[in-house]
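As a plain string of letters, each chain reads:
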Amino acid sequence: MAIVTEQTAAAPLSSLSPAELETFLETQRTAYADLQAHGLKLDLTRGKPSVEQLDLSNELLELPKGHKDSGGVDVRNYGGLSGLTELREMFANLLWVETEQVIAGGNSSLTMMHDCLVQLFLHGGPDSPRPWSKEETVKFICPVPGYDRHFTMLGNYGIEMIPVPMNEDGPDIAAVRELVTDPAVKGIWIVPTYANPSGAVCSQEVATELASMETAAPDFRIFWDNAYAFHHLTEDEAKSVDIITLASGSGHPNRPLMFASTSKITFAGAGVAFLAASKANVDWYLANQQFASIGPDKVNQLRHVQFFGSADGVREHMRKHRDILAPKFAAVDAALESALAGREVATWSKPSGGYFVNLDVLDGTASRVVELAKGAGIALTPAGASFPHGNDPRDRNIRLAPSFPVLAEVETAMAGVATCVLLAAAEKLSGAQG
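In this report, we go over the structure that sits alongside the text. Here, residues in each chain are numbered from 1, in the same order as that chain's written sequence. Per-residue local features are limited, in this predicted model, to residues with pLDDT of at least 70; the limit for side-chain atom pairs, both in listing and counting, is 80 or more; totals at the level of whole chains, interfaces and linings are taken over all residues. Only hydrogens and water are set aside; all other atoms, that is, all heavy atoms of the structure, feed into the side-chain values.

## Details of the overall build of the protein
For the purposes of this entry, the term helix denotes a DSSP run of H or I that reaches at least four residues, the term strand denotes a run of E that reaches at least two, and both are numbered from the N terminus. Secondary structure assignment for the protein yields 13 helices and 13 strands. Radius of gyration means the value over C-alpha atoms here, while the globule rule gives 2.2 Å times the residue count to the 0.38 power. Over its C-alpha trace the protein gives a radius of gyration of 23 Å, about what one expects of a compact globule, namely 22 Å for 434 residues. C-alpha atoms of the protein, sized along the principal axes, occupy 75 × 50 × 35 Å. The rule is simple: take the accessible area with a 1.4 Å probe, protein chains only, and divide by the maximum for that residue type; under 20% is buried, over 50% is exposed, in between is partly exposed. For the protein, the proportion of its 434 residues judged to be buried stands at 55%. The contact rule is simple, with two residues in contact once any of their heavy atoms fall within 4.5 Å. Sequence-distant contacts, at least 24 apart, represent 78% of the contacts inside the protein between residues at least 6 apart. For every accessible area listed, the method is Shrake-Rupley and the probe measures 1.4 Å; residues are considered covered only by the protein chains on display. For the protein, the exposed area adds up to about 17600 Å²; of that, 51% sits on carbon and sulfur atoms.

## Quick look at helix H5 (residues 148-156)
Quick reminder: α-helices carry 3.6 residues per turn. Residues three or four places apart thus point the same way. Buried within H5 are the following residues: Asp-148, His-150, Phe-151, Met-153 and Leu-154. Residues of H5 that are buried sit in contact with helix H4 (109-123), strand E3 (139-144), strand E4 (160-167), strand E6 (185-190), strand E7 (221-225) and strand E13 (397-400).

## Focus: the side chain of Ser-263
With respect to the secondary-structure elements, Ser-263 resides in the loop between strand E8 (256-261) and strand E9 (273-276). Given the relative accessible area of 18%, Ser-263 is considered buried. Setting aside chain neighbours within four positions, we find Ser-263 in contact with Pro-49, Asn-107 and Ala-268.

## Quick notes on the pairing of E7
Regular strands place their side chains on alternate faces of the sheet. Summarising burial for E7: five of the five residues are buried, a large majority. The side-chain alternation of E7 yields two buried faces, one formed by Arg-221, Phe-223 and Asp-225 and the other by Ile-222 and Trp-224. The crossover handedness rule: strands pointing away from the viewer, path from first strand over the helix to second strand clockwise, crossover right-handed. Tracing the backbone out of E6, into helix H7 (residues 204-212) and back to the parallel element E7 gives a crossover that is right-handed. Think of it this way: DSSP has to see at least two bridges between two strands before they count as a pair. Where E7 lies against E8, four bridges are found, and the strand directions are parallel. When the bridges of E8 are listed, Phe-223 appears paired with Leu-257. Traced from E7 through helix H8 (residues 243-249) to E8, the parallel crossover comes out right-handed.

## Observations regarding the nonpolar core
By size, the foremost hydrophobic cluster in this structure holds 59 residues, and its most contacted members are Leu-340, Leu-359, Leu-380, Ile-398, Leu-400, Met-414 and Val-421. The element contributing the most residues to this core is helix H13 (residues 407-430), with 12 residues. With near-sequence residues (within four places) excluded, Met-414 lies in contact with Leu-44, Val-332, Ala-335, Leu-336 and Leu-400. Residues Leu-63, Ile-188, Ala-260 and Phe-267 belong to the second largest nonpolar core, which totals 53 residues. The definition of a nonpolar core used throughout is a set of buried Ala, Val, Leu, Ile, Met, Phe, Trp, Tyr and Cys residues joined through side-chain atoms within 4.5 Å.

## With respect to the packing of aromatic side chains
Stacked, tilted and edge-to-face pairs are distinguished by plane angle, under 30 degrees for stacked and over 60 for edge-to-face with tilted covering the rest, among Phe, Tyr and Trp rings (Trp via its six-membered ring) whose centres lie within 6.5 Å. Applying the stated criterion to the full structure yields 13 aromatic pairs. Consider the rings of Phe-91 and Phe-230, whose centres lie 6.2 Å apart with planes at 65 degrees: the pair is edge-to-face. Separated by 139 residues along the polypeptide, Phe-91 in helix H3 (residues 85-95) and Phe-230 in the loop between E7 and H8 bring together distant segments of the chain. Looking at Phe-230, the relative accessible area reads 10%, which means it is buried. Measuring from centroid to centroid gives 6.1 Å for Trp-132 and Phe-140, while their planes differ by 65 degrees, and the two rings are edge-to-face. Considered together, Trp-132 and Phe-140 belong to a single accessibility category, that of buried residues. Three or more aromatic residues link up through ring pairs in this structure, and these residues are Phe-121, Trp-132, Phe-140, Tyr-157, Trp-189, Phe-223 and Phe-259.

As structure tokens, then:
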């Protein structure tokens, strides 16, 4: 991931004289009026697979062939709480863990994360002195910008969220190291590979620190959400750090809980989710899950086994996704570069994987940009959504999700977003905001 800083011949808006700035503001108002006249209805709010991506998996609708796995298990019946062995073996290969450390569950990794959080509250984990609900306060470290659904889940249970910067190599490790001296700090959320929304990749060095650092809470947990580990946008594929082996080697084997799913690989809402963890954590999860389920959807798991065939089959499938997605991300960068480079009113990420582009605009203008975009028929994620409680103290961060629209719509939408960024910045600098 890289941040655009390159200057072009365009002058920084802050360098314009009052008269020049007023002229520029009027030009952008005219451009915005033209944008509104197009009557657009475009949506860049959520990282959903496009129809073209979903079509890649249509063969699943004809599967499975037969109703038994290679071991003779009848997938139509109850049982097998940890999921089909063949699918667990496949994703153990992809996630760099052993098969016995993987649970193949239902369709949603978010549900598995929620289950883990709730069970920690109700019962505590293998290292917990007591259930988290018996603690006076529970706090989580939240790298920002980050994944809004992680934060809303914590907020729903009254967990105090402590923001730390998400850098290009992962969370600010110095800030994390200081925070974990508080025994009330029980965990941290991380999207380690192609982070949501910045596209950052957690480095081996940062992951090693997270796995090995001493924490005041003996049951400190790393919620390691590998949602985008296979979602590469270039041939230079980042390898997700093996956090489970690192933690085990550091004497903290139960610290990480790793999650992944096929929700953006095959069918959203009809994929398979995975939990990978230490043997003690796997046993803990299943011991609690037995009261909620008599087994996952093994029919769906078998169709995924047959569809992919192997771990290499997953990798090949993801290259097809890359061919669809990469041009859209290139279009985002091209539109922003063309309109904003040199103006010193925005920076944006150039991710090499994942589903989002992180756009930081002039302080105090993100909400205005989103408002202007809405007025022009372009739906954006609310400003600040990538922060706990939706509160970006600098009001500058916007998450862009270009995956769902067709390429031409991405190009149109991003040209419109760039216009909104320039108009909001000109308003701000001239004192005419709002």
